[in-house]
Amino acid sequence: MKMSTPGTVNKMFSSGSFTSPDQSSAHDHDEDSDSSQNESHNMKGEVHSHLEENIRPYIDLIDKLRSVGIQKDLALPTIVVIGDQSSGKSSVLEALSGVALPRGSGIVTRCPLELRLKKVTGVNWKAILSYRPVKASKQAAQSTHHEKKFEFEDPSSVGRHVATAQNEVAGKGVGISDELITLEIMSPDVCDLTLIDLPGIARVPLKGQPEDIGEQIKRLIMKFIEKQETINLVVVPCNIDIATTEALKMAQEVDPEGKRTVAILTKPDLIDKGTEKGILKIVHNKVIPLRKGYILVKCRGQQQIDDDIPLEEATQMERDFFQNHDYFRSLLKEDKATINCLAIKLTLELVDHIKKSLPQLNEQIKKQLWDVRNELKECEGGPPQDPKGAKQFLTQTLKRFNDQINSLSSGELILEENLFAQLRAEFKNWNDHLNRTKIPFSNSKAVSHENRGRELPGFSNYKVFETILQEHVAKLKEPANNLLSSMKDITIKGLLDVVNHCFRNYPVLKDITESKINNILSSQQEKAEQRISEQFEMENLIYTQDPIFLKILSEIANEKFSEEQLPMFDKKSKYSHMLEAHYEIVVQRMADQLPMMISLFILKQTAQLLSTDILSLLDGANVSELLFEDSDVSKRRKDLRTRLDRLTASQTALNEFI
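Please read all numbers here as calculations on a predicted model, not as lab measurements.

Caption draft 1: Structural view of the sheet that holds strand β9 (residues 230-237). A sheet is described by the order of its strands in space; here 9 strands give the open sequence β6-β3-β7-β2-β8-β1-β9-β10-β11, paired in mixed fashion. Pairing within the sheet leaves two strands with one partner each, and these edge strands are β6 (148-152) and β11 (294-296). Pairs of neighbouring strands in the sheet enclose a mean axial angle of 20 degrees, with direction left out of account. Here strand β1 (residues 78-83) runs beside β9; their pairing, made up of 6 bridges, is parallel. Directly across from I82, in β9, lies its bridge partner V234.

Caption draft 2: Expanded view of unusual backbone geometry. Backbone geometry at K267 places phi at a positive 60 degrees, although glycine is not the residue there. With respect to the helices, strands and loops of the structure, K267 is situated in the loop between β10 (261-266) and α7 (276-283). With a relative accessible area of 25%, K267 lands in the partly exposed category.

Caption draft 3: Spotlight on the side chain of K118. Structurally, K118 is set in strand β2 (residues 113-119). The exposure class of K118 is buried, given its relative accessible area of 17%. Residues in contact with K118, not counting those within four places in the same chain, are R56, D60, D63, E184, I185, M186, S187, V190, C191 and D192.

Caption draft 4: Looking closely at the packing of helix α13 (residues 419-436) against helix α15 (residues 477-503). Running from amino to carboxyl end, α13 crosses α15 at an angle of 175 degrees, the nearest separation of the two axes being 10 Å. If you check the angle between α13 and α15, you find them roughly antiparallel. In this structure, α13 contributes L419, Q422, L423, E426, F427, W430 and H433 to the contact, and α15 contributes P479, A480, L483, S486, M487, I490, T491 and G494. Per-class residue counts for the contact of α13 with α15 are 9 nonpolar, 5 polar and 1 charged.

The rules behind each value
Residues numbered from 1 in each chain as written. Predicted model: local features only at pLDDT ≥ 70, side-chain atom pairs only at ≥ 80, totals over all residues. Heavy atoms only, no water. Pairing = 2+ DSSP bridges. Helix = DSSP H or I, 4+ residues; strand = E, 2+ residues; numbered from the N terminus. Axes fitted to C-alpha atoms, helices over the stretch in contact; angles between N-to-C directions. Buried < 20%, exposed > 50% of the residue type's maximum accessible area, 1.4 Å probe, protein only. Contact = heavy atoms within 4.5 Å. Parallel < 35°, antiparallel > 145°, perpendicular 65-115°, else oblique. Nonpolar A, V, L, I, M, F, W, Y, C, P; charged D, E, K, R; others polar.

Structure representation (structure tokens):
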């Protein structure tokens, strides 16, 4: 393949035409127009020179942060390129970068390819390819090797080098990987831009591909595009229904308002006659609106590739195509056509996106640094080796655990999931359930005359009154025990979170404490169940102070009653009011007493018993056994130090930039 001067679009970038895709209009050819255009070129060249000074540092900053690996900890502002297979994605990237990328049928891009384009002087053309090869083994599914990095100066070898890297990362064949390959291209003829190319969306698996290859690719794409820090660059062919493209559907799913989506329309030369106006409607945002809009491009087709048409010549052919097109000519003046216009738009969009993201990025790094340093304090160094020092270390460790347990039981310790907020939610559910069990007893058959005993009409049967209430209250026992069970589950999770926080490095101590928690809570649950049972036995006595009963009765019946009036209070409707009044008192008692009782046994007393039990470990303790460190602690310590280095380097880069 002929690879003449690479980066044709970027020659236009450096010549001053970068900022104005409409300046080569085919209309005005007189001398005044030519003079005006030359003046415009010079002015825009100066404008671009100023822009370049302000653009490059932002892109370099994000590239540097990605180089230290900070994307493992937080999302970075980036442009991600997605598209269905055969959408023209590779042709767009070739036109932007000025180099030919791997081509072929089926899935060509099998790993995320980060393309860093850097406009530099003093270098003809140079590329750096870096990646981490992954080798499968019987012992481990995958083991990541150290990063490979090498430089080369032949633009025509890019496709071969990228294909080799993909084979080492994703394996030979048709598999995919989410491991990043970085291709950095430095040249005076490229624009300042960084973007990530993702595998094309496959609809039908090819020979040797797993049946779910399409879903694998979608999961990989979703991993990138769902992040709010990502600008989604969707490549869509003009010659198909835009609404049916899978890539655009996925972008809409994660960005329904189109705030961070740009669409590239490709292959305008392949559309049917009569559909041009429909394409213009799409470009003008009248079909599927996107805040960042659409750009129409015409890259090298397969015939031009077969004929070895250089990219530089193909770029000029693209411009001629639009200038001579009856419908699409107007898009040049609107900055909505050509690869050159796309390069400008993407660069400015990326830099604007980076600028807006920097304050939040800085805060995220600060917070994560704080968290990592605190985590390192917990596993840094470990217990002293001498017996006296180890005993003192164990005492301090157990005391710190007890302090946190007591803080938890009093509501002072706030975990990731607020324990007291969860308990309050359960108490509210219990109270709501109690209120739902209030019924108008006048509908009860037990209150009817059919159940009248030996009493004369107008006299109430107290035994019936008592039985009705007892039966109704008895239905609350199962929900009460459910409340107890829920509170136990919430409490045990809260306690285990504290255990994991304080003893995560010491599996023996952790296991002993977890066993104590389970034993204590089981015993406390039995006590609470017994007290709940006693509470229901007490409710069977059907008792409350007379003034309380009269007050509630008056509120329900909407009349004022005294003890002297009660003997006359014996009609069926009034009799039901008496039932409702007493049940209201039961509900009020149960709404408070059950949560208080369960809180006392399950949370408060459990914390007290656990604190006493934990401190008893110091009596005749085998200190070295209790403080035995988990084999994973050293790995965790190493991972935290590596993460600390990443975050520190990133913070330094940000501080220097800001």
